Amino acid sequence: MDILLAMKGADLGAWMHALQTALPDARLRAWQPGDTARADYLLYWKEHPSALLPRDGLKAVFNMGAGVDALLDALRNHPGTVAGQVPVLRLEDAGMARQMVQYALYYAFRYQRRFYRYEAQARDRIWQPVDEDDAASFTIGVLGAGQLGLPVAQALAGLGFPVRIYSRSRKAPDGIAAYAGPGELLAFASGAKMLVNLLPNTPETQNILGRHLFAAMARGGYLVNLARGQHLVDADLLAALDDGQISRAALDVFREEPLPADHRFWNHPHIDITPHVSAQTLVQESVTQIVDRISAHLRGEPLVGIDLARGY
Ligand code: OXD
């Protein structure tokens, strides 16, 4: 079996070691420009789209991150790729949900308990309690009810926050209020103290984090964007922060990455920035999943890919 790794920026030594340990007989190779040779499985992440041209034996493409948008763009926009010919598989969580939960909980507490204000006060040696919100009145809206959104919503609800969830089709576990589709978006955001974005990046969801949504939230609310920079209207966030409608935002993703040195977000006193690290693809967890899927396929089970038209 030939496995081709076309994964830009990845530590290929670590991936190859984990794969070879799990599949001792597999032949592994790293993609190089011009490589159109046979491969049974392709592991792809942000590499040049020509890695996605047809090749003998190809049975599936694995997307090696949480979001499939970059892979779908490469498939659609580069002529002659294997789009529609072989399934595109996403990793089912692979340790990413756990990391997203950690990130979201950290900011929920940081904002609800106003830890950022105590940090600022401590720099000036100010000993002064500030008004905090009670968790029971700190309503959090989670946008996205997929493999990442659902566990985040459940974890927040388990800690006593009132939680709502927004998605394309209504889905939410017990105890979480579900809102579906654009017609319910403003009702979902209405009075929310914090929004956490975990939506897929599709034409319908781009620019969703904009002034109408912010205006529907409780005054002085908080925003946490863990999905894609394309979801956020940067100028609307800056205006909402200046106006006080939003108190603070935690941003892990940006329209342009790395965030350009002259971007206004960098030095904004009310924006917390992290460099797209909210959930990283963990080698061992991912390899275990890939090997399980390949083994099931070798036993004759079909490989079920994502819906390319829907975009996630
Ligand atoms: C992503 C990732 O899709 O980093 O953003 O996995």
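Scroll up a little and you will see the structure.
Worth saying up front: this structure is predicted, and the values here are computed from it rather than measured. The numbers attached to residues start from 1 for each chain and follow its sequence in the written order. Under the rules for a predicted model, residues below a pLDDT of 70 receive no local features and side-chain atom pairs below 80 are neither given nor counted, while totals for whole chains, interfaces and linings still include all residues. To obtain the side-chain values, all non-hydrogen atoms of the structure were included, while hydrogens and water were left out.

Student: Looking at this structure, I do not really get the pattern of salt bridges. What am I missing?
Tutor: Close approach of charged atoms lets side chains of opposite charge pair. Each salt bridge in this description consists of a side-chain nitrogen of Lys or Arg and a carboxyl oxygen of Asp or Glu lying within 4 Å of one another. One pass over the structure, following the stated rule, counts 19 salt bridges. For aspartate 40, the salt bridge identified is with arginine 38, shortest N-O distance 2.7 Å. Relative accessibility thresholds used throughout: buried, under 20% of the residue-type maximum; exposed, over 50%; partly exposed, between the two (1.4 Å probe, protein chains only). Among the residues examined, arginine 38 registers a relative accessible area of 40% and is labelled partly exposed. Note that arginine 113 and glutamate 132 form a salt bridge whose closest N and O atoms lie 2.4 Å from each other. Separated by 19 residues along the polypeptide, arginine 113 in the loop between α3 (96-112) and α4 (115-123) and glutamate 132 in the loop between α4 and β6 (140-143) bring together distant segments of the chain. For helices the rule is a DSSP run of H or I covering at least 4 residues; for strands it is a run of E covering at least 2, with both sets numbered from the N terminus onward.

Student: Would you explain the side chain of threonine 81 in this entry?
Tutor: Examined against the element boundaries, threonine 81 turns out to sit in the loop between α2 (69-77) and β5 (88-90). What qualifies as a polar contact is a pair of N or O atoms within 3.5 Å, subject to a donor-acceptor requirement within protein and to the restriction that residues adjacent in sequence count only when both atoms come from side chains. There is a polar contact of 2.7 Å between the side chain of threonine 81 and the backbone oxygen of leucine 75. The contact criterion used is simple: two residues touch if any of their non-hydrogen atoms lie within 4.5 Å. Apart from the residues within four sequence positions on either side, threonine 81 is in contact with Pro49, Leu52, Leu53, Pro54, Ala74 and Leu75.

Student: What is the right way to read the pairing of β6 from this model?
Tutor: When a strand is regular, its side chains alternate between the sheet's two faces. The two faces of β6 match: Ile140 and Val142 on one face and Gly141 and Leu143 on the other face are all buried. Here β6 pairs with strand β7 (residues 163-167) via four bridges, running parallel. By the bridge assignment, leucine 143 is partnered in β7 with tyrosine 166. Taken together, β6, helix α5 (residues 149-158) and β7 constitute a β-α-β crossover, and its handedness is right-handed. By the convention used here, strands pair only if DSSP detects at least 2 bridges between them. Note on handedness: a clockwise path from strand one over the helix to strand two, with the strands aimed away from the viewer, defines a right-handed crossover.

Student: Could you clarify how one ought to interpret the pairing of strand β3 (residues 41-45) in this entry?
Tutor: β3 sits mainly inside the fold: five of its five residues count as buried. Burial of β3 is two-sided: the residues Tyr41, Leu43 and Trp45 facing one way and the residues Leu42 and Tyr44 facing the other way are all buried. Relative to β3, strand β1 (residues 2-7) runs parallel, the two sharing five bridges. Counterpart to leucine 4 in the pairing with β3 is leucine 42.

Student: Looking at this structure, I do not really get the packing of helix α1 (residues 12-22) against helix α9 (residues 283-298). What am I missing?
Tutor: When two helices pack together, their arrangement is given by the angle between the helix axes and the distance between those axes. At their nearest, the axes of α1 and α9 sit 10 Å apart, and the two run at 40 degrees to each other. Classified by the interaxial angle, the pair formed by α1 and α9 is oblique. Handedness of the α1/α9 crossing: right-handed. Only Val283, Gln284, Ser286, Val287 and Val291 of α9 make contact with α1, whose side of the interface consists of Ala14, Trp15, Ala18, Leu19 and Ala22. In this count, Pro and Cys sit with the nonpolar residues alongside Ala, Val, Leu, Ile, Met, Phe, Trp and Tyr, while Asp, Glu, Lys and Arg are called charged and the others, Gly among them, polar. Broken down by class, the residue content of the contact of α1 with α9 amounts to eight nonpolar, two polar and no charged. All axes here are fitted lines through C-alpha atoms, helices being fitted over the stretch that makes contact, and every angle between N-to-C directions spans 0 to 180 degrees. If an angle is under 35 degrees, it is roughly parallel; if it is over 145, roughly antiparallel; if it lies from 65 to 115, roughly perpendicular; otherwise it is oblique. For any pair of crossing helices, the crossing counts as left-handed if the nearer helix is rotated counterclockwise from the farther one by less than a right angle, and right-handed if it is rotated clockwise.

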